[in-house]
Amino acid sequence: MAKQISFEYDGKQYTLEFTRKSIEIMERQGFNINDITDKPMTTLPALFAGAFIAHHRFVKREIIDEIYSKLTNKQELLQKLAEMYNEPLEALMEDPDDNEGNAVNWEASF
Amino acid sequence: MGSEFLNPASQISYTEIFYEHFPFYLAIGMTADEYWNGDCTLTRYYKKAFEIKKEQKNEELWLQGAYIYDALCAVSPVLHAFAPRGTKPHPYLDKPYSLTKEKARNDEEAKHKANRQKAKAIFEAWAATLDLPSKKGGKDNADNRRSPNRNNS
């Protein structure tokens, strides 16, 4: 099951999720996840808006921005959105279960 | 200088990677709608299912090879160019291999039971050919064997 964020706003239930199609649409519109550190003020609301494409494609950008401005705990929200954004790619890149053969194991000290 | 350390992967967009993998998932039975608009984790399960299918196919081919090998072994006596006149092939397996442990155990038990029945039938047939004394006579004979000189003393 894909990662999702759910909330209720103005009496309506919203489910945020990224599909491959929504990421494709976002990238076609100029979104680049690498800009998240250089241009956070524009990238983060765009990332949030992109999460609406999968289930609420026709919600107006003004409403999305309004919701975004009212959401609490943005730091964690954006971290979750970034995780969700990466999930469609991770699901493709996943290693096979068995690490036999030529796999190189690694570990970090932090 | 140092450009050789730039990660070319960072220049590739997610969309490009999605399109790169798209044909593979189409080939293993995922629909375009599932791939693009469905739950993104579905690809994991399609891939695992594909691995299982590959494994099954491999086992089927191996099994087919085993049956062909058995068939060749069975007919090998008549394939011999200088086989004596009247040589017959061995019979082919009377039933398929047991693929599960339970089936193998049941088959083994059935085989043992059949062997026991066969041995019993052979023994009974052999026993019927013997000229055994009757029960009474048998008892008398046994008494005689135990004390052969009783009457004499």
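Residues numbered from 1 in each chain as written. Chains lettered and ligands numbered in written order. Predicted model: local features only at pLDDT ≥ 70, side-chain atom pairs only at ≥ 80, totals over all residues.

Student: Is there a simple way to think about the interface of chain B and chain A in this case?
Tutor: Reports often express the size of an interface as the amount of accessible area lost when the parts come together. Between chain B and chain A, the residue contacts involve 16 residues of the former and 16 residues of the latter. Those elements that place two or more of their residues in the side of chain B that touches chain A are α1 (14–27), α2 (32–37) and α3 (42–79) of chain B. It is α1(B) that contributes the most residues to the side of chain B that touches chain A, five residues altogether. Residues that form the side of chain B that touches chain A fall into these classes: six nonpolar, eight polar and two charged. (Contact = placed C-beta atoms within 7 Å. Helix = DSSP H or I, 4+ residues; strand = E, 2+ residues; numbered from the N terminus. Nonpolar A, V, L, I, M, F, W, Y, C, P; charged D, E, K, R; others polar.)

Student: Would you mind going over the environment of M84(A) with me for this structure?
Tutor: Residues and elements named next belong to chain A. Tracing the backbone through its elements, the reader meets M84 in helix α5 (residues 74–93). Residues M84 and E17, 67 residues apart in the sequence, show an inter-C-alpha distance of 6.9 Å. Residues within four places of M84 in sequence aside, it is in contact with K3, E17, F18 and A51.

Student: Explain helix α1 (residues 20–28) of chain A here, please?
Tutor: Given 3.6 residues per helical turn, the α-helix brings residues three or four places apart onto the same face. All of the buried residues along α1(A) are R20(A), K21(A), S22(A), I23(A) and M26(A). For α1(A), the secondary structure elements touched by its buried residues are α3 (40–50) and α5 of chain A together with α1 and α2 of chain B. Note on α1(A): the residue one or two positions beyond its end, G30(A), has a positive phi of about 105°. (Buried ≥ 20, exposed ≤ 12 C-beta atoms within 10 Å, placed from the backbone.)

Student: Teacher, can you tell me more about the confidence of the model for chain A here?
Tutor: A low pLDDT score tells you not to read the predicted coordinates there in detail. Looking at chain A, pLDDT values average 89 and 94% of them are 70 or higher. Mean pLDDT per element in chain A: helix α2 (residues 35–38) of chain A is the minimum at 84, and α1(A) is the maximum at 95. (pLDDT = per-residue confidence, 0-100.)

Student: Just checking my understanding: could you explain the pairing of strand β2 (residues 12–16) of chain A for this structure?
Tutor: Within a regular beta strand, the side chains point alternately toward one face of the sheet and then the other, so they alternate between its two faces. All names here are of chain A. Across five bridges, the pairing between strand β1 (residues 5–9) and β2 is antiparallel. Note that in β2 the partner of E8 across the bridge is Q13. The turn joining β1 and β2, which pair antiparallel and follow one another in sequence, is formed by two residues; a positive phi near 55° is taken by D10. (Pairing = 2+ DSSP bridges.)

Student: Where do I start with the nonpolar core in this structure?
Tutor: Within soluble globular proteins, side chains that are nonpolar tend to cluster in buried spots. Judged by nonpolar contacts, the single largest core of 21 residues is most densely connected at F18(A), A51(A), L81(A) and Y85(A). Those elements giving two or more residues to this core turn out to be α1, α3 and α5 of chain A together with α1 of chain B. Contact partners of Y85(A), with chain neighbours within four places excluded, come to F18(A), I23(A), I33(A) and L47(A). (Core = buried A, V, L, I, M, F, W, Y, C linked by C-beta atoms within 7 Å.)

Student: Honestly, α3(A) in this entry has me stumped. Any pointers?
Tutor: Residues and elements named next belong to chain A. Considered for burial, the residues of α3 that qualify are L47, F48 and G50. Along the axis of α3, the buried residues cluster in a sector spanning 165°; they form a single face. Facing away from the buried surface of α3 by more than 90 degrees, the exposed residues are M41 and T42. Along its buried surface, α3 packs onto α1, α4 (61–70) and α5. (Arc of directions from axis to C-beta.)

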